[in-house]
Amino acid sequence: MPVFYTIEDLLRKANEGSCTISDIVVEYEMKNSDLTREEVYQRMANNLKVMKEAAEKGMQQTEPTQSGMISDEAFRMAKVIREGRSLAGGVISIALAKALAVSTVNATMGKIVAGPTAGSCGIVPGGLLAVAEVKGLNDDEIIRGLLTAAGLGLVVARQATLSGAAGGCQAECGVGTGMAAGGIVEMMGGTPEQVIAAFALALKNMLGLVCDPVAGLVEVPCVKRNALSASHAISSAELALAGIGSVIPADEVISAMNEIGDALPRTLKETSLGGLANTETGKRIAEKFLGSMKIR
Amino acid sequence: MEKLSIFEVMGPIMIGPSSSHTAGAVRIGNLARKLLNEEPKEMKIYFYGSFAETFKGHGTDIAVVGGLLGYRLDDERIRTSLESAANKDIHVEFHRFEAPNAHPNTIKIELTRADDSTLQVIGSSVGGGEIVITKIDRFKVNLTGKYPTIWILHLDKPGVIAKVTSTLALNGVNIAFMEVFREDRGALSSMVVQTDQNVPAEVIREVNSFIGVKICRFIEPI
């Protein structure tokens, strides 16, 4: 059985079989869930469909959330691209727009794929769909990227955590960024080593990220953090595809994330007692919003 | 946290914004609805802990009512569940409650059937959209909705449990977890059996017909 517990396992099995990381992930899932190859692809294709719909829908939305903190950010970014006024241009600006869009759909109770979590749901589609659009990749290639991303996330779920309450935002947006970076490299035809390097580079740079959402909502800083993380995933993939590796191996980066998560105080792990949630403005928004929603 | 399928990491497809505060609440509602086994005419929902403070912003209220109406995690009708309940003349109330030592994200649901009988369910959203139902009426349970589950109310007397387990065995159903809870000797007791296979309707009917079994419900994984 092609079990993998570590990133090193994934890499070794891919090299032994002269195949890609996504091949190993598919083999694993077929055995684990008793599915055929086609069924695994079909389930991931369903995820892709929901991601595309959310990215499209979010760019057209302008109505504010109940708290008023999030409204037309994705719409604005899409408009800048449409009008050719983007500073970064190309894949980065599209990734920003798509990640904002998916996260906005999430914040407004729309349909998304929680990957790795609902709060970090914009990063993988933002990064992968932007690269696919600019590079003209087809759905099968995106699905291979999603499978790779899912396999990388699975290792973290087993070895550490994907919960902001347990490990801070590094465990949600940090891991999501690593997953997206690895998925992008696979889509671009990078080697298994480059996939792993992209994952490690991305996650390393997100270590220590705290979960401090204003008023406990999945809005600030979450929505814009998803956008910036998607751009970060593309940058990490770019480095890895250039042959730049991570000095610290991916599995050790995951261990470091776990250690850092344990060391973070409770106030910075989804309790909304510290950080941005505890700023003057954060507290004012929370008081106003939660005050208006009280029940007896 | 032991994740086994890649679709637990890249998924589920769900209505946002929060796996614990939205998806988990839908699942608790789904399970309560399956235990009730009909559309309730009244839903009283009590929030404890973090749910009581932030339920509005995460749509926890909308999510749990959606779950009680039978909508799945990814059903966009969840967004308008309060309106749907009102259109169906279902009376919905929200309250706070205190539950010392409970998980911070806990919901108590009191449902009333058409014949005025009631069902009370307490459940917690324990992270990542995963849930655990801890109480059904006065019976303590530990029900996650991950496995096909049979919930039985039965008389605490010799042979009832054996009859249930042998019937399952004869029908090729393997028991993964099983839990029996009683308050008093010889009184009505609760049995939760989580299995590896779906249990055919005729098996549930057969168990329902046993002397000493008051209620037998089958709950598909959610």
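Residues numbered from 1 in each chain as written. Chains lettered and ligands numbered in written order. Predicted model: local features only at pLDDT ≥ 70, side-chain atom pairs only at ≥ 80, totals over all residues. Heavy atoms only, no water.

Q: Just give me the short version of the interface of chain B and chain A, but keep the residues and values in it.
A: Counting from both sides, the interface comprises 36 residues of chain B and, opposite them, 50 residues of chain A. By the criterion of area lost to chain A, the three top residues of chain B are Ile6, Phe7 and Met10 of chain B, representing 23% of everything that side buries. If you look at where chain B meets chain A, you find one salt bridge. Linking Glu76 of chain B and Lys57 of chain A is a salt bridge whose minimum nitrogen-to-oxygen distance equals 3.8 Å. Joining chain B to chain A, the criterion identifies 12 residue pairs in polar contact (both at pLDDT 80 or more). Of all the elements in the fold, those that place two or more residues in the side of chain B that touches chain A are helix H1 (6-9), strand E1 (13-15), helix H2 (19-36), helix H3 (50-54) and strand E3 (91-96) of chain B. For the side of chain B that touches chain A, the class distribution of residues is 16 nonpolar, 12 polar and eight charged. The sheet contact formed by strand E1 (residues 111-113) of chain A and E1 of chain B spans three bridges and is antiparallel. (Contact = heavy atoms within 4.5 Å. Buried area = accessible area lost by both parts, 1.4 Å probe. Salt bridge = Lys/Arg side-chain N within 4 Å of Asp/Glu carboxyl O. Polar contact = N/O pair within 3.5 Å; in protein donor to acceptor, adjacent residues only side chain to side chain. Helix = DSSP H or I, 4+ residues; strand = E, 2+ residues; numbered from the N terminus. Nonpolar A, V, L, I, M, F, W, Y, C, P; charged D, E, K, R; others polar. Pairing = 2+ DSSP bridges.)

Q: Account for the domain arrangement of chain B, with residues named and values stated.
A: If you check the domain split of chain B, you get domain 1 (8-137) and domain 2 (149-219). Domain 1 of chain B and domain 2 of chain B are separated by 26 Å when their C-alpha centres are compared. (Domains from an automatic or database assignment.)

Q: How would you sum up the sheet that holds strand E5 (residues 118-127) of chain B? Please name residues and give values.
A: Backbone-to-backbone hydrogen bonds join strands into a sheet, with any given pair of strands oriented parallel or antiparallel. Residue and element names in this part refer to chain B. The sheet built from six strands is open, its strands ordered E3-E2-E4-E5-E6-E7 with mixed pairing. Because the sheet does not close on itself, it has two edges, and the strands there are E3 and strand E7 (139-143). On average, each strand axis in the sheet is inclined to that of its neighbour by 20°, with strand direction left out of account. For strand E4 (residues 105-112) and E5, the ladder comprises seven bridges, and the chain directions are antiparallel. Paired with Glu110 across the two strands is Gln120, which belongs to E5. Along the sheet, H2 contacts E4, E5, strand E6 (130-136) and E7; its crossing angle with E5, the most-contacted strand, is approximately 150°. (Axes fitted to C-alpha atoms, helices over the stretch in contact; angles between N-to-C directions.)

Q: How would you sum up the pattern of salt bridges? Please name residues and give values.
A: Residues and elements named next belong to chain A. Enumeration according to the criterion identifies 20 salt bridges over all chains in this entry. Here Arg12 ties to Asp9 by a salt bridge, and the two come within 3.4 Å at their closest N and O atoms. Taken together, the residues span about one helical turn, with Arg12 and Asp9 both in helix H1 (residues 7-16) at a distance of three residues. On the basis of relative accessible area, Arg12 is assigned to the partly exposed category, the value being 38%. Residue classification places Asp9 among the buried positions, given a relative accessible area of 14%. Lys98 is the salt-bridge partner of Glu133, the closest N and O atoms lying 2.9 Å from each other. With Glu133 in helix H6 (residues 123-135) and Lys98 in helix H5 (residues 90-107), this residue pair connects regions lying 35 residues apart in the sequence. By relative accessible area, which is 8% here, Lys98 ends up buried. Linked by salt bridges that have partners in common, Asp9, Arg12 and Glu16 make up one network. (Buried < 20%, exposed > 50% of the residue type's maximum accessible area, 1.4 Å probe, protein only.)

Q: Any chance you could break down the layout of surface pockets for me, citing the residues and the numbers?
A: By volume, the second largest pocket is sized at about 220 Å³. Here the lining of the second largest pocket is built from residues that sort into four nonpolar, six polar and four charged. (1 Å grid on protein atoms, 1.4 Å probe; cavity = no way out; pocket = protein on both sides within 12 Å on 5 of 7 lines; lining within 4 Å. Points joined across faces, edges and corners; volume = space filled by probe spheres on them.)

Q: Outline the packing of helix H7 (residues 139-159) of chain A against helix H9 (residues 173-187) of chain A, supporting the account with residue identities and numerical values.
A: Residues and elements named next belong to chain A. Between H7 and H9, the shortest axis-to-axis distance is 7 Å and the interhelical angle comes to 140°. By the angle class used here, H7 and H9 are oblique. The element H7 and its partner H9 pack so that their crossing is right-handed. Along the contact surface, H7 presents Glu141, Ile142, Arg144, Gly145, Thr148, Ala149, Ala150, Leu152, Gly153 and Val156, while H9 presents Val175, Gly178, Met179, Gly182, Gly183, Glu186 and Met187. Grouping the constituent residues of the contact of H7 with H9 by class yields eight nonpolar, six polar and three charged. (Parallel < 35°, antiparallel > 145°, perpendicular 65-115°, else oblique. Left-handed = near helix turned anticlockwise from the far one by under 90°.)

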